[in-house]
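Residue strings, one per chain:
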Amino acid sequence: MDSILVRGNGPLSGEIPIAGAKNACLTLMPATLLTDEPLTLSNAPRLSDIQTMTQLLASLGAEVAALQDGLVLAMSSHRIDNHTADYDIVRKMRASILVLGPMLARDGHAVVSLPGGCAIGARPVDLHLRALEAMGADLDLRDGYVHARAPGGRLKGAVVDFPFVSVGATENALMAATLAKGTTVLKNAAREPEIVDLAQCLRKMGAQIEGEGTAEITVQGVDRLRGATHPVVADRIELGTYMLVPAITGGEVECLGGRIDLVAAFAEKLDEAGISVTETDRGLKVARKSGRIGAVNVVTQPFPGFPTDLQAQMMALLCTADGVSVLEETIFENRFMHAPELMRMGAKIDVHGGHATVSGVEKLKGARVMATDLRASVSLILAALAAEGETLVSRVYHLDRGYERVEEKLRACGAQIERVKGE
Ligand code: UD1
């Protein structure tokens, strides 16, 4: 397994291009199962999670060609040959559950392995299943798989009222509703930019959707969808992560392709901590306003609130703030696993239930640390950039799931960072 070696070397400055959003791409790709015509995505990120989704779609009979060095995904699902998403692929990536709605909507039946738990919590898929059941699906859970069938071969429009906000369940239900008979109303729907991107793509494919980006989405089902070409929205989590590079090290970084509307709540917290974010004609420019950053309190929430996927990285920043910050995680129950690793670097953090109290120290110190999940791994790299001495982050395969060319992007800003190949 590869590791990443970082030598903290002071303020970093430069330009960092922001890639297409992993989480948007992972829901746009299964949309190819909704049509027998080609669906082409541009601005795709080059990540191992995208390769996993490619494998999954191929196992179902779709063709997925990565063109232009992986930036363009040309997909075509002339017909679905196999309606079973196998455990061996699903267990690698939870987003695999997103093939369920499209397969069921197109052909009236699908079998998908249940994803199981993951490092950051239990993460059930009951809301996905309840939404499809409301649309008339018969579901049978056996041998670790969901066996789903739509009576008469077609789902029916329904009112789906989610008891709490789920990004994935909204995506699955939205895709399923496009081909259902009649009208579907999704209440308490997720409002994330990835949902808006999905709805815009589905609309190009001929779907009739209104209200994406609000808590109520209405879908008028159609008989068939057609092919389309769609650019993947910028990755707001990669954007937020790189905005923290000048925040944590000093210096000034321009994130190319960054949009303030994608990270408004996060940028507000940066401002409160003493970091300025300025819109430019190419993206967002970020720098400290003056010396040491201040402590701030953060509560993770569904969009437009502060994203849980930036909580670990924000914690890394607050480890060196002047004062005490409290981070509250409300989305996932076990998402502070980066805290003990940051403490190995000299951070002062007290985790109690869903809260972490961070008492800022002047300087972090390099250490050997271990990545436990995707966002935790990049938080350790951010901390390492600001630390004194050398940090070796092991288990970086987590990082490769969600960040493309990290070392290259950071080296362009002056970072001393290299990958150490493992066996
Ligand atoms: C997506 C993102 C992930 C992000 C998360 C929250 C993708 C591929 N992943 O994950 O990076 O951290 O949104 O912004 O887009 N839940 C249930 N039952 C369900 C579904 C969810 O109890 O059927 C719970 C989850 O365990 C979690 C909460 O709801 O506690 C929110 O999860 P959800 O929004 O569904 O996250 P994902 O779509 O899995």
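Residues numbered from 1 in each chain as written. Predicted model: local features only at pLDDT ≥ 70, side-chain atom pairs only at ≥ 80, totals over all residues. Heavy atoms only, no water.

A. Region of interest: the packing of helix H10 (residues 311–318) against helix H12 (residues 374–386). Two elements in contact, H10 and H12, have axes whose closest approach is 8 Å; the angle formed by their N-to-C orientations is 20 degrees. Regarding the angle of H10 to H12, the classification is roughly parallel. Note on packing geometry: the crossing formed by H10 with H12 is right-handed. Mapping the contact onto sequence places Ala312, Gln313 and Ala316 in H10 and Arg375, Ala376, Val378, Ser379, Leu382 and Ala383 in H12. (Axes fitted to C-alpha atoms, helices over the stretch in contact; angles between N-to-C directions. Helix = DSSP H or I, 4+ residues; strand = E, 2+ residues; numbered from the N terminus. Parallel < 35°, antiparallel > 145°, perpendicular 65-115°, else oblique. Left-handed = near helix turned anticlockwise from the far one by under 90°. Contact = heavy atoms within 4.5 Å.)

B. Structural context of the domain arrangement of the chain. The assigned domain composition of the chain is domain 1 (3–19 + 234–420) and domain 2 (22–231). Between the C-alpha centres of domain 1 and domain 2 there is a distance of 31 Å. At the junction of the two partners, domain 1 supplies 23 residues and domain 2 supplies 18 residues. Taken over both partners, the interface formed by domain 1 and domain 2 buries close to 1700 Å², and the fraction arising from carbon and sulfur atoms is 50%. (Domains from an automatic or database assignment. Buried area = accessible area lost by both parts, 1.4 Å probe.)

C. Here's a closer look at the pattern of salt bridges. As enumerated under the stated definition, the model contains 30 salt bridges in all. Two residues, arginine 282 and glutamate 15, come together in a salt bridge whose shortest N-O distance is 2.5 Å. Placement of arginine 282 in the loop between strand S16 (275–279) and strand S17 (283–288) and of glutamate 15 in strand S2 (residues 14–17) is noted, with a sequence separation of 267 residues between them. We classify glutamate 15 as partly exposed; its relative accessible area is 40%. (Salt bridge = Lys/Arg side-chain N within 4 Å of Asp/Glu carboxyl O. Buried < 20%, exposed > 50% of the residue type's maximum accessible area, 1.4 Å probe, protein only.)

D. Expanded view of H12. Counted residue by residue, H12 has 13 buried out of 13 residues, so it is predominantly covered. The opening residue of H12, the one whose side-chain oxygen lies 3.1 Å from the backbone nitrogen of arginine 375, is aspartate 373. (Polar contact = N/O pair within 3.5 Å; in protein donor to acceptor, adjacent residues only side chain to side chain.)

E. Representation of the side chain of histidine 128 within the structure. Mapped onto the elements of the fold, histidine 128 is located in helix H5 (residues 126–134). In this view, histidine 128 contacts Ile97, Ser166, Gly168, Ala169 and Asn172; residues no more than four positions away in its chain are not counted.

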